[in-house]
Amino acid sequence: MEIFLDPSIWAGLLTLIVLEIVLGIDNLVFIAILADKLPPKQRDKARLIGLSLALIMRLGLLSLISWMVTLTRPLFSIGQFSFAGRDLILLAGGLFLLFKATMELHERLESRPHDGSGNRSYASFWAVVTQIVVLDAVFSLDAVITAVGMVNHLPVMMTAVIIAMGIMLLASKPLTNFVNAHPTVVVLCLSFLLMIGLSLVAEGFGFHIPKGYLYAAIGFSILIEMFNQIARRNFIRHQSHRPMRERTAEAILRLMGGRRGGATNGENGQNAAEDQTLPQETFKDEERYMINGVLTLASRSIRSIMTPRGDISWVDATKPLEEIRMQLLDTPHSLFPVCRGELDEVIGIVRAKDLLVALDHGTNIHTFAASSPPLIVPETLDPINLLAVLRRAKGSFVLVTNEFGVVQGLVTPLDVLEAIAGEFPDEDETPDIVVDGDSWLAKGGTDLHSLEQRLDYFGLVKPGDDYASLAGLLIAQKGQLPLPGETIDMPPLHFVVVEATDYRIDLVRITKDRPHDEEEEG
């Protein structure tokens, strides 16, 4: 044991342990990839058997140092190449490594999905163990030759091999879990094995490739992959802060071929690649419009859905009965809020035909309207919870008020349907958006969500905006009420105010820049 009192022996031992671990990493990575082909209960057993066989094989080879030396003696020559036993082993191992890594890489890049029911086909246990044994033979030969070249004492070699294999055994499971949990890491490791296989074949033909070059390339690739994993983790963390409903909606819209205007460059590139592989013709425009309406309903405000205050037809109970009768007959609406002098003093919600009958029978209008009190919701209520209130209304509508109790608008079931499926104008109404040649004519009160659908541009609605109409958008962009004839540019869209008064925008012409590819074709 006096050899272990020599400081140079300890230095050689530590250096050899590090080298044995480095030389064994590729063996460990491939064992991890092969073990993933087995059922989960057999993977730990396969790793243990694989590393144990590697240890036994290396210790056995170290015990046969005299035989190892003979492996370097030439056996035969072909042309200018002479081959020894070591060269033949390296050639066979390198070719096997190239073949196996190529097949594994092909399988990974094919990305064939497994059966979701859990009927995944696993490899035979002993078939995997056999492949591990072959790999152990190749990698052990390289590791043992390195050990023989560095240290002259057999006990030191065996001690270094045992310690290195013990460390690798402890690190095998975490490394296996990490490799199999990150598909890009698996592809990177298989690329390393291709490079190592090529270097083994080259050495078999007598072309020595310095290990430092290989390890430098591997180290640089690992550094780049580490940056990739950090970026991926940060992206996932950022995505986790967004509502699940919003992420699900975007994913479904991508499947339908829809695009979101606020996506980042990286996301746009990924989405474009996905769009090229998806059959967009399977979804018609109307289907995409309705699905988009359903998915974005929760993110909308009641203000973007409701009929605004200025468009509400209401009955003033203080007016003469004959005037009320003429209003009911001349207006196509079937439901009216009955108010006391002003819209904010609502008495109740009545049906026009029922109120006409009540007037014919001389019933007091205040008493009649009070029997059907209105349902009132705050403007901060989200549309999903609004649906439950509309169910309680039983075919009527609900009034929307602000924090001061001032009526802001009303919502009917038809308003919700229009938010999902598009506009259904009444007989006395014109559509909010009309195609006019290469442009569109839109009312100032047009809902921005509907406008995005019609223009196929999704950059108008932004979280936190306190407006929901086209007029609100233009006023916010201009900083004041635009005048007729003024143009507001929001590339690729351009808005020209066609009609406006001192207090509102009535009509806007919208043009859209053509994509560059369409301009080149033209």
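What you see is a predicted model; the values in this text were computed from it and never measured. (Residues numbered from 1 in each chain as written. Predicted model: local features only at pLDDT ≥ 70, side-chain atom pairs only at ≥ 80, totals over all residues. Heavy atoms only, no water.)

### Concerning the packing of helix 12 (residues 321-330) against helix 13 (residues 352-360)
Moving on, step 1. Closest axis-to-axis distance for the helix 12/helix 13 pair is 10 Å, and the angle between their directions is 150 degrees. Between helix 12 and helix 13, the angle falls in the class roughly antiparallel. Crossing geometry of helix 12 relative to helix 13 is assigned as left-handed. Residues Leu321, Ile324, Arg325, Leu328 and Leu329 of helix 12 lie in contact with helix 13, whose contacting residues are Ala352, Leu355, Leu356, Leu359 and Asp360.
Moving on, step 2. Here the contact of helix 12 with helix 13 is composed, by residue class, of eight nonpolar, no polar and two charged. (Axes fitted to C-alpha atoms, helices over the stretch in contact; angles between N-to-C directions. Helix = DSSP H or I, 4+ residues; strand = E, 2+ residues; numbered from the N terminus. Parallel < 35°, antiparallel > 145°, perpendicular 65-115°, else oblique. Left-handed = near helix turned anticlockwise from the far one by under 90°. Contact = heavy atoms within 4.5 Å. Nonpolar A, V, L, I, M, F, W, Y, C, P; charged D, E, K, R; others polar.)

### Topic: the nonpolar core
The tendency in soluble globular proteins is for nonpolar side chains to be buried side by side.
Moving on, step 1. Core analysis: the largest hydrophobic core is formed by 31 residues, its most contacted members being Phe30 and Leu190.
Moving on, step 2. Excluding its chain neighbours within four sequence positions, the residues that come into contact with leucine 190 are Phe30, Ile33, Ala101, Glu104, Leu105 and Arg108.
Moving on, step 3. In terms of nonpolar packing, the next biggest core, distinct from the first, is built from 20 residues, Leu451, Leu470, Val508 and Ile510 among them. (Core = buried A, V, L, I, M, F, W, Y, C linked by side-chain atoms within 4.5 Å. Buried < 20%, exposed > 50% of the residue type's maximum accessible area, 1.4 Å probe, protein only.)

### Here's the deal with the pairing of strand 9 (residues 407-411)
Look at any regular strand and the pattern is simple: side chains alternate between the two faces of the sheet.
Moving on, step 1. Most of strand 9 is tucked away, with four of its five residues classed as buried.
Moving on, step 2. Sheet analysis places strand 3 (residues 307-308) next to strand 9, joined by two bridges and oriented antiparallel. What sits directly across from proline 308, in strand 9, is glycine 409.
Moving on, step 3. Where strand 8 (residues 398-401) lies against strand 9, four bridges are found, and the strand directions are antiparallel. Following the sheet pairing, threonine 401 is matched in strand 9 by valine 407.
Moving on, step 4. Hairpin connection of strand 8 to strand 9: five residues between the antiparallel strands, including glycine 405 at a positive phi of 80 degrees. (Pairing = 2+ DSSP bridges.)

### Brief notes about the sheet that holds strand 14 (residues 505-512)
Adjacent strands of a sheet form backbone hydrogen bonds with each other and so pair up, either parallel or antiparallel.
Moving on, step 1. Read across the sheet, five strands follow the order 10-11-14-13-12 without closing on themselves; strand pairing throughout is antiparallel. The sheet is open, and its two borders are formed by strand 10 (433-436) and strand 12 (487-490), each paired with just one other strand. Strand-to-strand twist across the sheet, computed as the mean angle between neighbouring axes with direction ignored, equals 25 degrees.
Moving on, step 2. Docked against the sheet, helix 17 (residues 448-455) engages strand 10, strand 11 (439-443), strand 13 (493-500) and strand 14, running at close to 30 degrees with respect to strand 10.
Moving on, step 3. Running over the sheet, helix 18 (residues 470-478) touches strand 11, strand 12, strand 13 and strand 14 and is turned about 80 degrees from strand 14.

### Observations concerning the sheet that holds strand 8
Moving on, step 1. Spatially, the four strands line up as an open sheet ordered 3-9-8-7, and their pairing is mixed. Two strands bound the open sheet, and with one partner strand each, they are strand 3 and strand 7 (375-378).
Moving on, step 2. Along the sheet, helix 15 (residues 383-393) contacts strand 7, strand 8 and strand 9; its crossing angle with strand 7, the most-contacted strand, is approximately 170 degrees.

### Some thoughts on the packing of aromatic side chains
Moving on, step 1. Counting across every chain of the model gives five aromatic pairs.
Moving on, step 2. Grouping aromatic residues by their ring pairs yields a cluster made of Phe76, Phe81, Phe83, Phe205 and Phe207.
Moving on, step 3. Directly above the ring of phenylalanine 125 sits lysine 45, whose terminal nitrogen or CZ lies 5.0 Å from the centroid. (Phe/Tyr/Trp six-rings, centres within 6.5 Å; stacked < 30°, edge-to-face > 60°. Lys NZ or Arg CZ within 6 Å of the ring centre and 35° of its normal.)

### Quick look at helix 16 (residues 413-421)
Moving on, step 1. Among all positions of helix 16, only Asp415, Val416, Glu418, Ala419, Ile420 and Ala421 are buried.
Moving on, step 2. Glycine 422 occupies a position one or two residues after helix 16 and carries a positive phi of about 110 degrees.

### Concerning the packing of helix 4 (residues 85-110) against helix 7 (residues 183-204)
Moving on, step 1. It is at 7 Å that the axes of helix 4 and helix 7 come closest, and there the two elements cross at 155 degrees. Taken as axis vectors, helix 4 and helix 7 run roughly antiparallel relative to one another. Relative to helix 7, the crossing made by helix 4 is left-handed.

### Side note on the pairing of strand 12
Moving on, step 1. On strand 12, burial follows the alternation: Ile488 and Met490 on one face are buried, whereas Thr487 and Asp489 on the facing-out side are not.
Moving on, step 2. The pairing of strand 12 with strand 13 spans four bridges and is antiparallel. Pairing of aspartate 489 across the sheet is with histidine 494, part of strand 13.

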